[in-house]
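Listed below, chain by chain, are the residues.
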Amino acid sequence: MDTPILIKHAIAILPNGPEAVDVLIAGGRIEKVGATLSVSGAQIIDAKGLTLIPGAIDPQVHFREPGMEWKEDLGSGSRAAAAGGVTGFLEMPNTQPATTTAELMAAKKAIAASKSLVNYNFFIGATPEALPDLLSTPNVCGIKIFMGASTGTLLVDKLADLDRIFSQGRRLIAVHAEDEALIRENKARYGAAAKPEDHALIRSPEVALRATRTAMELSRKYRRRLHILHMTTQEEAEYLATEKAGIPVSAEVCPQHFLLPAPDCYEKLGTYAQMNPPLREKRHGEALWKALKSGVIDCIATDHAPHTREEKDKGFPHAPSGMPGVETSLPLMLDRVNQGLCSLEEVVRWMSSNPARLYGIKNKGRIAPGYDADLVLLDMAREKTIENGKLQTKVNWSPYNGWKIKGWPVVTMVNGHVVFREGEFFTDRMGREMIIDAPWDRGEDFP
Ligand code: DOR
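What comes next is a walk through the structure. Treat the numbers as computed from the prediction; the structure is a model and nothing was measured.

**So, the site of the ligand**
- Taken together, 15 residues lie near the ligand, and Arg64, Asn94, Thr151, Asn276 and Ser321 sit nearest.
- In this structure, a nitrogen atom belonging to the ligand sits 2.9 Å away from a main-chain N or O atom of Ser321.
- Between the ligand and Gly322 there is a distance of 3.3 Å, counted from an oxygen atom to a backbone nitrogen or oxygen.
- A total of 290 Å² of accessible area belongs to the ligand in isolation, and the protein chains cover 100% of it.

Structure (structure tokens):
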């Protein structure tokens, strides 16, 4: 058994709010949370002046392994996560081969067990055939459906196929909500689109709204647990606000969709700003932020989707869509706390406790006895600039290059073990598979 760890003098964000407490960790779990704890033989971490939060869980990343390890792999992606205060991730199935069977899922989990520094689980990818593996593969965070085509070949765009997948079983379905037929129509209409900003016209707000409506109608029809990935439009946020009650649906937003408005993002970043669904005008970002603040949107994800500079430099429309983000999402949100735009409790809700609740991840997302010791110490006063070339993600660029951020993670602990401290990694112990223990899988309602 490891030596117990006692974190002293931190301001911790507890389920009921911030409190000056000590936290005792033993056997990888939080054992006690109390005013002044002392334990003989414990290793002390003096956290005076620092803030303790439950580690962030990024519920949408693409770590590219197997098959595209030149962009990222489960080791490099997980180090980027740890450096950004992310102690767990849910990874997408559009690898090569795509993760569509129990066998491929087991192979991916085996790679993660050998090289992921933080905790993990994976989506299984839906195909029109709706393989029985979608439901029978054990311990999977959800079924991913690409309703519109993006990176890779996964696509389910016919209503009959979608209906069949929604009708079978109870496992959570997460949708990339873009309407493929309308994307194709728009592509034909715009002909030889020449500029990255045309991307947001082809993948228009209507493209997103149509698919989100279809998915929500299917969720209503079958009472099927649904998660809308990376919501991007004012129209979807308004639709969700009126229709959400009574449907077992949740939704997420990525920071780039409220931090990098069009047209500026395309002028400054060109194809580096190109992603699916696209970055859009300010009115959308403002509506998404409002929806997040009011609880209509439940959580933050990054859609960390690394592509190399060489690939991004191919120009529009040849450059692949996607941008990295797992390493910068928490600092960007801490900076917003420092700007007075939101509270740290809200950030913890959006990035830790809600992702755990929305996916039914066991023992995560809270600083409370019995929960896993996935914890992050923050220095809310630290200022640092995000710089290309100084990142952990293999592609080593960020759309936020040059942004000076106030509020950074300084220590990241996974299962009671420090994996990152002040720029240094400790790789002697790997992360673990996160356990999905979701009420809807047992036939209970989404609370
Ligand atoms: O822009 C995107 N890139 N959107 C996605 O849905 C997929 C991702 C990728 O894997 O590159």
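Now that the structure is up, let's keep going.
**Things to note about the packing of aromatic side chains**
- Across all of its chains, the model carries eleven aromatic pairs by this definition.
- Both rings, one in Phe89 and one in Tyr120, keep their centres 6.5 Å apart while their planes meet at 35°; by these two values the pair is tilted. With Phe89 in strand β7 (residues 86-91) and Tyr120 in strand β8 (residues 119-125), this residue pair connects regions lying 31 residues apart in the sequence. The pair Phe89 / Tyr120 is uniform in exposure class, with both members buried.
- An angle of 40° between the planes, with centres 5.9 Å apart, marks the rings of Tyr120 and Phe122 as tilted. Neither Tyr120 nor Phe122 differs from the other in exposure class; each is buried.
- An aromatic cluster is defined as three or more aromatic residues linked by ring pairs; in this entry it consists of Phe63, Phe89, Tyr120 and Phe122.
- Directly above the aromatic system of Trp289 lies the positively charged group of Arg336, at a separation of 4.0 Å from the ring centroid.
- Positioned over the ring face of Trp408 is Lys384, at 4.2 Å from the centre of the ring.

**What to know about the sheet that holds strand β6 (residues 56-61)**
- A sheet is described by the order of its strands in space; here eight strands give the open sequence β6-β7-β8-β9-β10-β11-β12-β13, paired in parallel fashion. Edge positions in the open sheet fall to β6 and β13 (299-300), since each of these has one partner strand only.
- Pairing between β7 and β8: four bridges, direction parallel. From the neighbouring strand, Leu90 faces β8, where its bridge partner is Asn121.
- Contacts from helix α2 (residues 102-115) reach β7 and β8 within the one sheet, and its direction differs from that of β8 by about 160°.

**Here's the deal with the state of the cysteines**
- Taken as a whole and assessed by the stated rule, the structure comprises zero disulfides.
- A disulfide-free cysteine, Cys299 has its sulfur positioned 9.2 Å from the sulfur of Cys254, the nearest such atom.
- Using a relative accessible area of 0% as the deciding quantity, one classes Cys299 as buried.
- Free of any disulfide, Cys342 has its nearest cysteine sulfur in Cys299, 15 Å distant.
- In this structure Cys342 comes out as buried when scored by relative accessible area, which is 7%.

**Considerations on the pairing of strand β12 (residues 249-253)**
- Counting buried positions along β12 gives five out of five residues, so the element sits mostly inside the fold.
- Neither face of β12 is left uncovered, since the one carrying Val249, Ala251 and Val253 and the one carrying Ser250 and Glu252 both have all their residues buried.
- For strand β11 (residues 226-228) and β12, the ladder comprises three bridges, and the chain directions are parallel. The residue of β12 that forms the bridge with Ile228 is Ala251.
- Between the parallel pair β11 and β12, the chain is carried across by helix α8 (residues 234-243), and the sense of this crossover is right-handed.

**Quick word on the pattern of salt bridges**
- Inspection of every chain in the model, using the stated rule, returns 27 salt bridges.
- In this structure, Glu65 engages Lys115 in a salt bridge whose closest nitrogen and oxygen atoms are separated by 3.0 Å. Remark: Lys115 occurs in helix α2 and Glu65 occurs in the loop between β6 and α1 (74-83); sequence separation between them is 50 residues.
- Assessed through its relative accessible area of 28%, Lys115 is described here as partly exposed.
- Two residues, Lys364 and Asp374, come together in a salt bridge whose shortest N-O distance is 2.8 Å.

**Details of the side chain of Thr232**
- Tracing the backbone through its elements, the reader meets Thr232 in the loop between β11 and α8.
- Under the relative-accessibility criterion, Thr232 is labelled buried at 2%.
- Sequence-distant contacts of Thr232, that is, excluding residues within four places in its chain, are made with Ala208, His257, Pro277, Pro278, Arg280, His284 and Leu288.

**A closer look at the packing of α8 against helix α11 (residues 282-294)**
- As a packed pair, α8 and α11 sit with axes 8 Å apart at the nearest point and diverge in direction by 30°. When the interaxial angle is binned, α8 and α11 end up roughly parallel. You can see that α8 and α11 cross each other, and the crossing is left-handed. Listed contacts from α11 to Gln234, Glu235 and Ala237 of α8 are Arg283, His284, Ala287 and Ala291.
- In terms of residue class, the contact of α8 with α11 is made up of three nonpolar, two polar and two charged.

Criteria and cut-off values
- Residues numbered from 1 in each chain as written.
- Predicted model: local features only at pLDDT ≥ 70, side-chain atom pairs only at ≥ 80, totals over all residues.
- Heavy atoms only, no water.
- Near = heavy atom within 4 Å.
- Polar contact = N/O pair within 3.5 Å; in protein donor to acceptor, adjacent residues only side chain to side chain.
- Areas by Shrake-Rupley, 256 points an atom, 1.4 Å probe, with all protein chains shown as cover.
- Phe/Tyr/Trp six-rings, centres within 6.5 Å; stacked < 30°, edge-to-face > 60°.
- Helix = DSSP H or I, 4+ residues; strand = E, 2+ residues; numbered from the N terminus.
- Buried < 20%, exposed > 50% of the residue type's maximum accessible area, 1.4 Å probe, protein only.
- Lys NZ or Arg CZ within 6 Å of the ring centre and 35° of its normal.
- Pairing = 2+ DSSP bridges.
- Contact = heavy atoms within 4.5 Å.
- Axes fitted to C-alpha atoms, helices over the stretch in contact; angles between N-to-C directions.
- Disulfide = S-S within 2.5 Å.
- Right-handed = clockwise from strand over helix to strand, strands pointing away.
- Salt bridge = Lys/Arg side-chain N within 4 Å of Asp/Glu carboxyl O.
- Parallel < 35°, antiparallel > 145°, perpendicular 65-115°, else oblique.
- Left-handed = near helix turned anticlockwise from the far one by under 90°.
- Nonpolar A, V, L, I, M, F, W, Y, C, P; charged D, E, K, R; others polar.

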